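The chain contents come next:
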Amino acid sequence: MLKVGVLASGRGTNLQAIIDACEKKIINAEVAIVLSDNEKAFALERARKHGIEAVYVEAKDKRKHEENMHELLVKHDVELVVGAGYMRILSPWFIKKWYGKIINIHPALLPSFKGIDAQRQALEYGVKLTGCTTHFMDEMPDHGPIILQAAVKVRDDDTRESLADRILKVEHQILPRSIDLFEKGRLVIEGRKVKILPGDSWLTKYSYPDVFYSDGY
Ligand code: GAR
């Protein structure tokens, strides 16, 4: 079973989606540890409710923060690190340690709307389609090789919240699926591109009719 370490700064609904997929055996993985830079992150509580070790790692000193996280991840034999609403930019030092074994979810169709509040950025820009992306992390924020994307329509009457909620539901699908593909050894990084090797599909099992999923979902 793949041992996953999750980094989360906030409420942790993506973490919850991963935990649920593990517990329901939808994916062959377990969350070995959850780390947060925010002592009050609800993600930590969610983890503890499921008997998962959850640690607040102080982030006043970035290098120490990352060294401590690295140590904890290694100690828990983590094989894949997942950024699930972790709102800090990781340094090249940390990324080098985990490259190819660290993925992230972003609430937009990258490379559009990098950075914070991507949903509001999309709404204000007036795009008709936005969505979410999972990608391997590299040394630049919201930049590494893309694993999966899913496109969500922007409606005329959308608010930042209504749009964010619809995207979030899809995040909860493509993030566990990305972990699943990693666990099955189906992700091959070729430069900027991720080749997804043939295999099963979640399209018929778990999809929303008005969402457009990239190949491999
Ligand atoms: C999610 O929408 C995630 O995509 C986003 O933060 C939210 C966390 O929600 N991440 C980023 O914007 C990273 N650049 P959650 O705590 O409920 O999972």
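We now turn to the structure provided with this report.

Now for the packing of aromatic side chains. Each aromatic ring pair is specified by the distance between its two centres and by the angle formed by the two planes. Tallied over the entire structure, the rule returns five aromatic pairs. Ring geometry for W202 versus Y217: centroids 6.0 Å apart, planes at 80 degrees, classification edge-to-face. Here the residue W202 occupies a position in the loop between β9 (193-196) and β10 (212-213), and Y217 occupies one in the segment after β10, the gap between them amounting to 15 residues. Looking at W202, the relative accessible area reads 4%, which means it is buried.

Glancing now at the site of the ligand. Inspection of the region around the ligand gives 13 residues, with R11, G12, T13, N14 and E171 positioned closest. Take G12: an N or O atom from its main chain is 2.8 Å from an oxygen atom of the ligand. Within the side chain of H106, an N or O atom sits 3.2 Å from a nitrogen atom of the ligand. Burial of the ligand by the protein amounts to 90% of the accessible area it has alone, namely 450 Å². The residue inventory of the shell around the ligand, partitioned by class, reads four nonpolar, six polar and three charged.

Attention now moves to the side chain of E171. The topology assignment puts E171 in helix α6 (residues 160-183). Buried within the structure, E171 lacks any salt-bridge partner; its nearest side chain of opposite charge belongs to R11, at an N-O separation of 6.3 Å.

Looking now at the packing of helix α5 (residues 118-125) against α6. A packed helix pair is summarised by two numbers, namely the angle formed by the two axes and the spacing between the axes. Between α5 and α6, whose axes approach to 9 Å, the crossing angle comes to 120 degrees. Put simply, α5 runs oblique to α6. When the axes of α5 and α6 are compared, the crossing they make is right-handed. Only R160, L163, A164 and I167 of α6 make contact with α5, whose side of the interface consists of Q119, R120 and L123.

Here the focus is the nonpolar core. If you look at the biggest cluster of nonpolar residues, it comprises 45 residues, and the most contacted ones within it are V6, V31, V34, V82, I174 and I179. Ranked by size, the runner-up nonpolar core spans 18 residues in total, among them V57, L72, W98 and M137.

Rules used in this analysis
Residues numbered from 1 in each chain as written. Predicted model: local features only at pLDDT ≥ 70, side-chain atom pairs only at ≥ 80, totals over all residues. Heavy atoms only, no water. Phe/Tyr/Trp six-rings, centres within 6.5 Å; stacked < 30°, edge-to-face > 60°. Helix = DSSP H or I, 4+ residues; strand = E, 2+ residues; numbered from the N terminus. Buried < 20%, exposed > 50% of the residue type's maximum accessible area, 1.4 Å probe, protein only. Near = heavy atom within 4 Å. Polar contact = N/O pair within 3.5 Å; in protein donor to acceptor, adjacent residues only side chain to side chain. Areas by Shrake-Rupley, 256 points an atom, 1.4 Å probe, with all protein chains shown as cover. Nonpolar A, V, L, I, M, F, W, Y, C, P; charged D, E, K, R; others polar. Lys, Arg positive; Asp, Glu negative; His and termini not counted. Salt bridge = Lys/Arg side-chain N within 4 Å of Asp/Glu carboxyl O. Axes fitted to C-alpha atoms, helices over the stretch in contact; angles between N-to-C directions. Parallel < 35°, antiparallel > 145°, perpendicular 65-115°, else oblique. Left-handed = near helix turned anticlockwise from the far one by under 90°. Contact = heavy atoms within 4.5 Å. Core = buried A, V, L, I, M, F, W, Y, C linked by side-chain atoms within 4.5 Å.

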